[in-house]
Amino acid sequence: SVFDDEELTDLLELNTTGLLSFITGNDKYSKEKLSGDLETLESYYRDRGYVRFNLESTQVSITPDRDAVYITINISEGEKYTVSDVSLAGDIILPEEEIRRYLLLQPQQGFSQIRVTRTEEFITNRLGDEGYTFAEVKGVPEIKDEDNSVAIKFFVDPGKRTYVRRIDYRGNTKTADEVLRREMRQMESAPASRQKIEQSRVRLERLGFFKEVEVETPEVAGSDDLVDVEYTVEEQPSGSIGASIGFAQDAGLILGANVQQNNFLGSGKRVGVGINTSKFQDNYNINYVNPYFTEDGVSRGFSLFFRSTNLDEINVSRFNTDTWGGNVSFGYPIKETQRLGLSFGYNRTKITTGEFAVQEIIGSPRLGNDTNQYIVTPFERATETTPEIPAVTAAITPDLLAPNVQDGFLDREGDQFNLFPLIGSWTQSSLNRGQLATRGASQSISAEFTLPGSDLEYYKLIYNGQYFMPVWRQFTLRFRGELGYGDGYGDTDGLPFFENFYSGGFGSVRGFKSNTLGPRSTPASTYLSLNPIGTFGGLIPTTATPRSVADLAYQQLDPATGKLVVTEVVERRSQPFGGNVSIEAGVELLFPLPFVKDQRSLRSAFFIDAGNVFSTDCGLTQANCFDVDIDELRYSVGIGLTWITGFGPLTFSLAKPLNDDREDRAEVFQFSLGQGF
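Predicted model, so just to flag it, every value in this text is computed and none were measured.

Engineer: Would you explain the sheet that holds strand 7 (residues 210-216) in this entry?
Structural biologist: The strands that make up a sheet pair up through hydrogen bonds in the backbone, lying either parallel or antiparallel. Pairing is mixed across the open sheet formed by three strands, whose spatial order is 6-8-7. Of all strands in the sheet, those bounded by a partner on one side alone are strand 6 (163-170) and strand 7. Between one strand axis and the next, the sheet turns through 15 degrees on average, direction left out of account. Alignment of strand 6 against strand 8 (residues 226-235), held across seven bridges, turns out to be parallel. Looking at strand 8, one finds that Asp168 is bridged to Glu230. In the packing of helix 7 (residues 194-206) onto the sheet, contacts are made with strand 7 and strand 8, and the angle to strand 7 comes to roughly 165 degrees.

Encoded structure:
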């Protein structure tokens, strides 16, 4: 009578046939399932104070057609009991005040069997942290029916203090024992600490080399105070390999190879090499990180790169870059889950522009590269053979262009830059796994500055964070967020355009094409002369005599303005330009895939993404450019899947933008090899 039938039936694994029974099989009778359901029912009552609850009988009868069964459970609920007193007895070892912090039951609370069991576990684990591996704690209730109360006494038997004889590893066919052993917080010949043994197991999982890590502590035969610690690991791919070959009409032959190995030859070191070449781009890079440069966990790494792009070849944009450089980085552990990082580097970038480089990069309308251009006065042809020779009146100079020309970044700062970036970072991670984590949290803050002596002075601040919150069984909520801000300082006006933040795609706002959200560039415009200048070798000297009328054309000045009489030709396509402020966030419901037994290499999720890029210094003619405005965030919903394969993470997503604008570029299906979500 305390709980209705529907509430109790929902607790049971066995049930009558429902819509999903053909998948779950919960309508198939099983004696083992019935036994488990009876235990669940008893625990449900005892956890709510019904100490005298009793299962009086259970009848299972078969229908006449022998097609189904009836199950009848007869129970006696009894009265609800409260806690009258909680005490400790036995050899407590530790100060009683410390042990009492683990008591989950207090006087006047309703009795709960699960709280008794959890208290036993907490005290046992605390004693295990001190080396009492075989400690026993038993909570004994004294039931008083006259006032429906329970007095609970916890008896503590610590046993003998145990020590670790040996630590062994199994299943690491690729990874060297040394890589695992340096993650240990439990040492051999030291008191066996449950907390340190478990902490060591978690550190092994965080490496990202293993699907799962299990630990056992068997007793040493013939000894009552020695144990061995045995870690069993199951290795998984810890890197990615990518190669491509193709041909495109614009880009020509495309060749590429990328290798990133986070456990190089089983040494735990990270090594990456990338080579990509095509008609429009050559990209070469190498990186190396030793996470244990010193024995106490100081890491050291370096990277070298060269990148040359000629994007004008494929009409993507109208500027080209040649960049090369490198950096050296160090990491220092300050706590078990926290590290400081410092990176110093050098890079040299040279930027060249085509005729239609966007106006934020170089101002337009603009003069062409041919400086040997002159204005000549109009003429009228006297005869077909003896034209009137016009006179050169002035060289074409920038002051003769229209007055609305705005300077671009390269006009102000030049087109070659020597930069010395210094990056400091702080990271914290309590994630349970290095790849496809399901519990814990992580966050990082980084600050990048260019040092004095750099041709450009700017800084960037970035925050990243994620948090996993278990919901029910294997269902988990994941919250993530990223904030970024950058700007110039000193003599540099604003963040350089090639350091802008971008948004859209994997790791950002899925459902939008990669890097397409936020401010767009202002298409370039150029002046087309009323008639192009025909010259002898590009120059008309005052004494020149043209060979024919066809060799000579002219440009005119507007008498009213003194400016060139021209027609403006505009490149109509605008391109994503990025901004100096980035805001991104997302919520994912991680769920197990049906019919897949091993979920450790898979992550599937329903997600809601939000984000955009903003600019605190929008150009007058920039499209889709906003200062920070929450109303301009873009949203999308969808479903995603990541699978850890031998070639790296394989990721898919199906997403629908919820509030895309006409300037945005939607992309419902997205695919990536080498990047997870």
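Engineer: Quick question: what am I supposed to make of unusual backbone geometry here?
Structural biologist: Trans is the prevailing form of peptide bonds, just as negative phi is the prevailing case for residues other than glycine. Here the phi dihedral of Ile93 falls at roughly 70 degrees; this positive angle occurs in a residue that is not glycine. In this structure Ile93 comes out as partly exposed when scored by relative accessible area, which is 40%. In this structure, Gln108 takes a positive phi of about 80 degrees despite not being glycine. Inspection of the secondary structure assignment puts Gln108 in the loop between helix 4 (96-100) and helix 5 (113-129).

Engineer: Looking at this structure, how should I read a negative patch on the surface?
Structural biologist: Taken together, the side chains of Asp4, Asp5, Glu6, Glu7 and Asp10 present a region of like negative charge at the surface. For Glu6, the location among the structural elements is in helix 1 (residues 5-9).

Engineer: Could you clarify how one ought to interpret the sheet that holds strand 4 (residues 136-144) in this entry?
Structural biologist: Pairing is mixed in the open sheet, where three strands are placed in the order 3-5-4. Strand pairing shows two members of the sheet lacking a second neighbour, strand 3 (82-90) and strand 4, which therefore form its edges. Shown here is a sheet whose adjacent strand axes are inclined to one another by a mean of 20 degrees, direction ignored. The sheet contact formed by strand 4 and strand 5 (residues 149-157) spans nine bridges and is antiparallel. Bridge pairing in strand 5 links Val140 to Lys153. The sheet strands contacting helix 5 are strand 3, strand 4 and strand 5, and the helix crosses strand 4 at an angle near 150 degrees.

Engineer: How should the packing of aromatic side chains be read in this particular structure?
Structural biologist: Any pair of aromatic rings gets described here by the distance separating the centres and the angle formed by the planes. Under the counting rule described, the total for this entry stands at 21 aromatic pairs. Taking the centre distance of 5.4 Å and the plane angle of 80 degrees together, the rings of Phe497 and Phe498 count as edge-to-face. Relative to Phe606, the ring of Phe591 has its centre 4.6 Å away and its plane inclined at 20 degrees; by these criteria the two rings are stacked. One end of the pair, Phe591, is in strand 25 (residues 581-591); the other, Phe606, is in strand 26 (residues 602-614), with 15 residues separating them in the sequence. Judged by its relative accessible area of 14%, Phe591 is buried. Over the ring of Tyr44 we find Arg48; its NZ or CZ atom is 3.7 Å from the centre of that ring. Here the guanidinium or amino end of Lys460 rests over the ring plane of Phe501, the centre of that ring lying 4.8 Å away.

Engineer: Explanation requested: the pairing of strand 8 in the structure shown.
Structural biologist: Looking down a regular strand, the side chains alternate between one sheet face and the other. Taking burial as the measure, the 10 residues of strand 8 include seven buried ones, the bulk of the element. Sheet topology places strand 7 next to strand 8; six bridges connect them, and they run antiparallel. Following the sheet pairing, Glu212 is matched in strand 8 by Glu234.

Engineer: Whenever I open this one, the environment of Gly268 confuses me. Can you help?
Structural biologist: With respect to the helices, strands and loops of the structure, Gly268 is situated in the loop between strand 10 (252-261) and strand 11 (270-277). Note: C-alpha distance between Gly268 and Pro291 (23 residues apart in sequence) is 7.5 Å. Every residue in contact with Gly268, bar those within four places of it in the chain, is listed here: Val179, Arg182, Phe209, Asn262, Asn263 and Pro291.

Engineer: How should the nonpolar core be read in this particular structure?
Structural biologist: Side chains of a nonpolar character, in soluble globular proteins, are inclined to be buried together. In this structure, Leu88, Phe111, Ile123, Leu127, Ile152 and Phe154 are the most contacted members of the largest nonpolar core, which totals 21 residues. For this core, the secondary-structure elements that each account for two or more residues are strand 3, helix 5 and strand 5. Looking at this core element by element, the count peaks at four residues for strand 5. What Phe154 contacts, discounting residues up to four positions off in sequence, is Val86, Ser87, Leu88, Ala89, Leu103, Val116, Thr119, Glu120, Val137, Lys138 and Gly139. Counting 16 residues, the second-largest nonpolar core is a separate cluster that includes Met184, Leu204, Val213 and Val233.

Parameters at a glance
- Residues numbered from 1 in each chain as written.
- Predicted model: local features only at pLDDT ≥ 70, side-chain atom pairs only at ≥ 80, totals over all residues.
- Heavy atoms only, no water.
- Pairing = 2+ DSSP bridges.
- Helix = DSSP H or I, 4+ residues; strand = E, 2+ residues; numbered from the N terminus.
- Axes fitted to C-alpha atoms, helices over the stretch in contact; angles between N-to-C directions.
- Contact = heavy atoms within 4.5 Å.
- Buried < 20%, exposed > 50% of the residue type's maximum accessible area, 1.4 Å probe, protein only.
- Patch = residues over 30% accessible without salt bridge, like charges linked within 9 Å, V, L, I, M, F, W, Y side chains within 5 Å.
- Areas by Shrake-Rupley, 256 points an atom, 1.4 Å probe, with all protein chains shown as cover.
- Salt bridge = Lys/Arg side-chain N within 4 Å of Asp/Glu carboxyl O.
- Lys, Arg positive; Asp, Glu negative; His and termini not counted.
- Charge placed at Lys NZ, Arg CZ, Asp CG, Glu CD.
- Phe/Tyr/Trp six-rings, centres within 6.5 Å; stacked < 30°, edge-to-face > 60°.
- Lys NZ or Arg CZ within 6 Å of the ring centre and 35° of its normal.
- Core = buried A, V, L, I, M, F, W, Y, C linked by side-chain atoms within 4.5 Å.

Honestly, it's all geometry; don't read function into it.
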